Amino acid sequence: MNKAQFPKEQASDGTFKRQADAFREWVTADGSSGYPAVAGRYHLYVSLACPWAHRTIITRRLKGLEDAIGMTVVDPIRDERGWRFTADDPDPLNGWTYLREAYVASDPQYDARVTVPVLWDTQERRIVSNSDDDIMRMFETQFDAVADNPQLDLYPHERQTEIDELNEFIYETFNNGVYRAGFATSQTAYERAAYGVFTAIDAMEERLAYRRYLFAAQPLETDWRLFVTLVRFDPVYFGHFKCNLRRIVDYPNLYGYLRDLYQIDGIAATVNFDHIKRHYYITQDEINPAGIVPIGPIMDLHAPHGREMM
């Protein structure tokens, strides 16, 4: 069996089993959870490389929460001690060197892998949540009183069952599927995951043939959950994670859809291909021992997409 990138999260059959989120408290609009949704209390720690963190960055931007919730970006190069801060990009809030310090401050016995995003409570000085799903949903639904764009509803009541169902399918087959392919340590586990990735891609290509976005005339939560993996697919997952049957640029509907979302005001600024490529190709040395960062691919995400006609 090949050497695992994260040995504690590897099953005996070579399948990657992602660890569960450790902190899952909730911020609520009415404060009933003990964490009231007030401006200036919470701080978001993210990596621009990480798709899970990227979801929360996008939601924070779209809802207009940038003044209400501060944000700090970790360095894209992660070592055995986890996500870090550097002299060029320090932690201005707590002066930490490694994000692990937030985890240990919240739970002195914490010994699992440190992940992003992290929603930090500056008052209680502890992590509220390290669940990207929960943080995204909190930003969507609980902070309207302090948001600049409170009218934006990314999780409308009448669509919630459909959203939850499609979220689950996309997560299992695509969002996490690329990792299960890339981190697999057996041929069988890899092929099972990689074929599942293209089952999802093919299904979304067909769905987007007759509608501009996944559900409605405007992007909803699921669109952004799909976007963060799509935008990383050709630069990283196609080659680095060996999901190489086809590229996203080979799918006319998905590639147009990707450009459509990328060109929405404020979204391009949340995408940093330098961080993305350096993180995966340098940090994940079990997969890419030489640490060489590829020069491509060429993707013109600013090109006209034509999907406004749908």
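First, a word on scope: everything that follows refers to the structure included in this document. (Residues numbered from 1 in each chain as written. Predicted model: local features only at pLDDT ≥ 70, side-chain atom pairs only at ≥ 80, totals over all residues. Heavy atoms only, no water.)

## Things to note about the nonpolar core
Counting residues in each nonpolar core, the largest one holds 92 residues, and the members touching the most others are L99, L119, F227 and F233. Setting aside residues no more than four positions away along its own chain, F233 makes contact with F174, V178, V197, F198, I201, F238, C243, R246 and I248. (Core = buried A, V, L, I, M, F, W, Y, C linked by side-chain atoms within 4.5 Å. Buried < 20%, exposed > 50% of the residue type's maximum accessible area, 1.4 Å probe, protein only. Contact = heavy atoms within 4.5 Å.)

## Some words on helix 4 (residues 160-175)
For helix 4, spanning 16 residues, the distance from its first C-alpha to its last is only 19 Å, which falls clearly below the expected 22 Å at 1.5 Å a residue. Residues I163, L166, N167, I170, T173, F174 and N175 constitute the buried set of helix 4. Summarising the axial view, the buried residues of helix 4 lie within an arc of 165°, below the 170-degree limit, and thus occupy one face. Every exposed residue of helix 4 that faces more than 90 degrees away from the buried side is listed here: T161, E165 and E168. Among the structural elements, helix 1 (51-63), helix 3 (132-141), helix 5 (177-182), helix 6 (187-207) and helix 7 (221-237) are those in contact with the buried residues of helix 4. (Helix = DSSP H or I, 4+ residues; strand = E, 2+ residues; numbered from the N terminus. Expected span 1.5 Å × (residues − 1). Arc of directions from axis to C-beta.)

## Looking at the sheet that holds strand 2 (residues 70-73)
On the basis of which strands lie adjacent, the open sheet formed by four strands has the order 2-1-3-4 and mixed pairing. This sheet does not close on itself; its edge strands, each paired only once, are strand 2 and strand 4 (126-129). On average, adjacent strands in this sheet sit at an angle of 35° to one another, irrespective of strand direction. Where strand 1 (residues 42-46) lies against strand 3 (residues 118-121), four bridges are found, and the strand directions are antiparallel. (Pairing = 2+ DSSP bridges. Axes fitted to C-alpha atoms, helices over the stretch in contact; angles between N-to-C directions.)

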